[in-house]
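These are the residues of each chain, in order.
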Amino acid sequence: MESCILITRLDLLNYWKKDYKRVYFGSEFCSHLIPEKEDLNMLLDFVQKRDLSLSLVSGYATNREIKKYEGLLEILIKRKINAELIINDWGVFELSRNFAVIPVLGRLLTRQKKDPQILKIFNKLPAITKKRYQAIALNENFYEFLKEKGIKRIEIDNLFQGIDLGDMGYDLSFSLYTPYAYLTTTRLCPSNAINNRPAKALKIPFTCTKDCQDRHIVIRHVNMPYLLILKGNTIFYRQDSIDEACKDKRIDRLIFQPSFAEKGKGQCF
Amino acid sequence: MIKIVSPITNISEVDPLIDAGASELYCGVITGQENKSLTSIYCLNRRPSLFSNLPSFKELEALVKKAKMRKVKVSFTLNEFYTEDQFENVKDQVKKAIDCGIDAFIAADLGLIKELQKYKDRVEIHVGVGATTFNADTAGFYQRMGVRRIILPRQLTLDEIGEICSKDENLEFECLILNERCHFIDGYCNFLHSAFSYQNPLLNLFKYDRFRSKIWQLLPAAISKMIHVYGMKKEIACCFNYKAEINAGTALLKNRPSLDNFFNADTFLNACGACSLQALDKAQISFVKIVGRVSFKNKVKDVAFIARCLKLLGKENGADFCHVVEDIYRQTYKTYCCKSYCYYPKEQ
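Everything quoted here is computed from the prediction, not taken from an experiment.

Asks: Outline the overall build of chain A, listing residues and values.
Replies: The number of helices and strands found in chain A is six helices and twelve strands. Relative to its length of 269 residues, chain A is compact, with a C-alpha radius of gyration of 18 Å against a globular reference of 18 Å. Each of the three principal axes of chain A carries a C-alpha extent, and together these read 55 × 50 × 35 Å. A burial count over chain A gives 64% of its 269 residues as buried. Across chain A, contacts joining residues at least 24 apart in sequence account for 66% of those joining residues at least 6 apart. Carbon and sulfur atoms make up 48% of the accessible area of chain A, which amounts to about 10,600 Å² in all. Of the side-chain charges in chain A, 43 are positive and 32 negative, and the distance between the mean point of each set is 5 Å.

Now the structure itself:
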């Protein structure tokens, strides 16, 4: 099992341990957290010095943000880094085909049913519907597509209802994010709106003070069986137990996300 | 000229919707047997209730026939992402829908798009908001997959829409214009939209039985809307009234955040982008979609409203256009238009 750490900022390298043989750098969710070129260069110095592997994490992107990713990919090529690119937008994937990077299907494009509310009815569901809520949205044609495009690794979140990767004999490896699973994300950032009170409507923030890096918002509702965590523009839940998921040997990589709760160090999104 | 794409859930709606100004119709099917054996949350088209769907392919065939007599195209919605176990059912629905004579599929799953390439001589492929086309490269990607039309995600600004549309003249682009502006990005959202109904007798009463759905349709629009909003607040996590506390390390900042206004069912349901029609026209948007296959909404009223606004294009300019549209909104819905309902807010 390969262990990795996911960071969005260089100072989070404090959390790096010798067990982590790979560093994930970047954000899947927020355009304001796309790494600067200088930061990527410094990170590359860090990983090269320690002989670590690198996965550059990309998010969904507008035309403007696609250009930023292009700049980052140029650095990887210039420095001859054999890196993975975590793809969460098909436009970024198209761009990446001009660069020698290894594409990995990110968790925004790996569709899973994650709402913890499912637990309230899960036992009442017919077996086939249960299976649908444990599986990932991977069918024979999609697998063929991934194969054609050279995508051999898929990234997934940990589900409360358990994960069923199926038995179709697909030649794929899986990475599991832990302990936070993302539930949903938005460009209409609630954290930004809260910081800019009075705010009545959610808007796309084109400037951001990135206050979410120092805080998270715990949200609860009587109909939601677990606490949810609003971190920036994304809602997560925390699922610490990974033993059950890791029984499936196709999951051969764990991506650790530093805890949200530790001020000034652990906020990775 | 921008054309209107309207939802339809009943064959009796064909003529009134076309008369009101709909140029295209879209719908899905959930059969009673499928609903009984698999439960509605297994749904293949992201509308897990019977009254948002046609009850059979026989009805779809009749609907398509009727629409074709009026020279109106019908799209069939299969906009989920499918597991291996679901895919046989999906392929089966594809064949049945093609046999019914539909003109296009609204898809999001790349596996399904690949499947639909086999039928490209008979049907068009449209990708829905679930396909998350946030940039021109993604649009190009789908075009190379054989896609004819792209329905853009809700969370793009008018400028961003213009940038995407201007890059490719061989693609058609469609935007959402009315109702259900999700707070989150549709294609990246994992909230369930129907789990709680299993436990709530009031909601369950109306949701999972065709006969009960008919009773529901007989209710006055205001009452059915009230029940629907109640259901959303109880059932759909993106409309919950969450209690929130900011946690900044060890310091808990009390009394700061209120999420009440953020995940609001009213702004979600009543969203409107009519005063952006001019900008969308300039951005080369060819189609605008009225969201919502649910039956409590008066689809005919919605179509007529947008059709009336479209007639103003070219006649009114800038601020005048917005003012006239606001007037038409007030006349149509007997209420004032509200900035928080705005699909494409001008001030970001």
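Asks: Help me get a handle on the overall build of chain B, residues and values and all.
Replies: Scanning chain B from terminus to terminus reveals 14 helices and ten strands. For chain B, the share of sequence-separated contacts (at least 6 apart) that also reach a separation of at least 24 residues comes to 70%. As displayed, chain B has an accessible area near 13,900 Å², and 50% of this comes from carbon and sulfur atoms.

Asks: Run through the confidence of the model for chain B, naming residues and quoting values.
Replies: Residue and element names in this part refer to chain B. Across chain B, pLDDT averages 85, with 84% of residues at or above 70. For residues 250–255, every residue scores under 50 in pLDDT, and the model assigns this stretch seven contacts once sequence neighbours within four places are set aside. Among the prediction metrics, the complex's ipTM stands at 0.93, with pTM recorded as 0.92.

Asks: So what's going on with the packing of aromatic side chains? Which residues, and what values?
Replies: Here the structure, examined in full by the defined rule, presents 25 aromatic pairs over all chains. Residues Phe184 of chain B and Phe191 of chain B carry aromatic rings whose centres are separated by 5.8 Å and whose planes lie at 70° to one another, so their mutual orientation is edge-to-face. When its relative accessible area of 4% is taken as the criterion, Phe184 of chain B is described as buried. The exposure class assigned to Phe191 of chain B is buried, which follows from its relative accessible area of 8%. Here the aromatic residues Trp90, Phe93, Phe142 and Phe145 of chain A together with Phe141 and Tyr142 of chain B are joined through ring pairs into a cluster of three or more. Positioned over the ring face of Trp16 of chain A is Arg50 of chain A, at 5.6 Å from the centre of the ring.

Asks: Tell me about the sheet that holds strand 10 (residues 287–290) of chain B, and name the residues and values.
Replies: Residue and element names in this part refer to chain B. As summarised here, the arrangement of the eight strands in space is 1-2-3-4-5-6-7-10, forming a closed barrel in which the pairing is parallel. Going from strand to strand, the sheet's axes swing by 30° on average, the running direction of each strand aside. Bridge count for strand 7 (residues 172–178) against strand 10 is four bridges, and the pairing is parallel. Looking across to strand 10, one finds that Cys175 is bridged to Val288. Helix 13 (residues 299–311) contacts strand 1 (3–7), strand 2 (22–27), strand 7 and strand 10 of the sheet and is inclined by roughly 170° relative to strand 1.

Asks: Could you give an account of the interface of chain B and chain A, with specific residues and numbers?
Replies: Counting residues at the interface gives 78 residues for chain B, matched by 76 residues for chain A. Roughly 6,900 Å² of surface becomes buried between chain B and chain A when both sides are summed, with 58% attributable to carbon and sulfur atoms. At the boundary of chain B and chain A, one finds seven salt bridges. Note that Glu148 of chain A and Lys114 of chain B form a salt bridge whose closest N and O atoms lie 2.7 Å from each other. At the junction of chain B and chain A, the tally comes to 32 residue pairs in polar contact (both at pLDDT 80 or more).

Asks: Got a sec to walk through the nonpolar core? Specific residues and values, please.
Replies: The biggest cluster of nonpolar side chains holds 161 residues, and the ones touching the most others in it are Trp90 of chain A together with Leu60 and Ile306 of chain B. Excluding anything up to four places from it in sequence, Ile306 of chain B contacts Ile4, Ile177, Leu178, Ala274, Leu277, Val288 and Ile290 of chain B. Among the nonpolar cores identified, the runner-up in size contains 27 residues, and Phe240, Ile246, Phe263 and Phe268 of chain B belong to it.

Reading the values: rules and limits
Residues numbered from 1 in each chain as written. Chains lettered and ligands numbered in written order. Predicted model: local features only at pLDDT ≥ 70, side-chain atom pairs only at ≥ 80, totals over all residues. Heavy atoms only, no water. Helix = DSSP H or I, 4+ residues; strand = E, 2+ residues; numbered from the N terminus. Rg over C-alpha atoms; globule rule 2.2 N^0.38 Å. Buried < 20%, exposed > 50% of the residue type's maximum accessible area, 1.4 Å probe, protein only. Contact = heavy atoms within 4.5 Å. Areas by Shrake-Rupley, 256 points an atom, 1.4 Å probe, with all protein chains shown as cover. Lys, Arg positive; Asp, Glu negative; His and termini not counted. Charge placed at Lys NZ, Arg CZ, Asp CG, Glu CD. pLDDT = per-residue confidence, 0-100. Phe/Tyr/Trp six-rings, centres within 6.5 Å; stacked < 30°, edge-to-face > 60°. Lys NZ or Arg CZ within 6 Å of the ring centre and 35° of its normal. Pairing = 2+ DSSP bridges. Axes fitted to C-alpha atoms, helices over the stretch in contact; angles between N-to-C directions. Buried area = accessible area lost by both parts, 1.4 Å probe. Salt bridge = Lys/Arg side-chain N within 4 Å of Asp/Glu carboxyl O. Polar contact = N/O pair within 3.5 Å; in protein donor to acceptor, adjacent residues only side chain to side chain. Core = buried A, V, L, I, M, F, W, Y, C linked by side-chain atoms within 4.5 Å.

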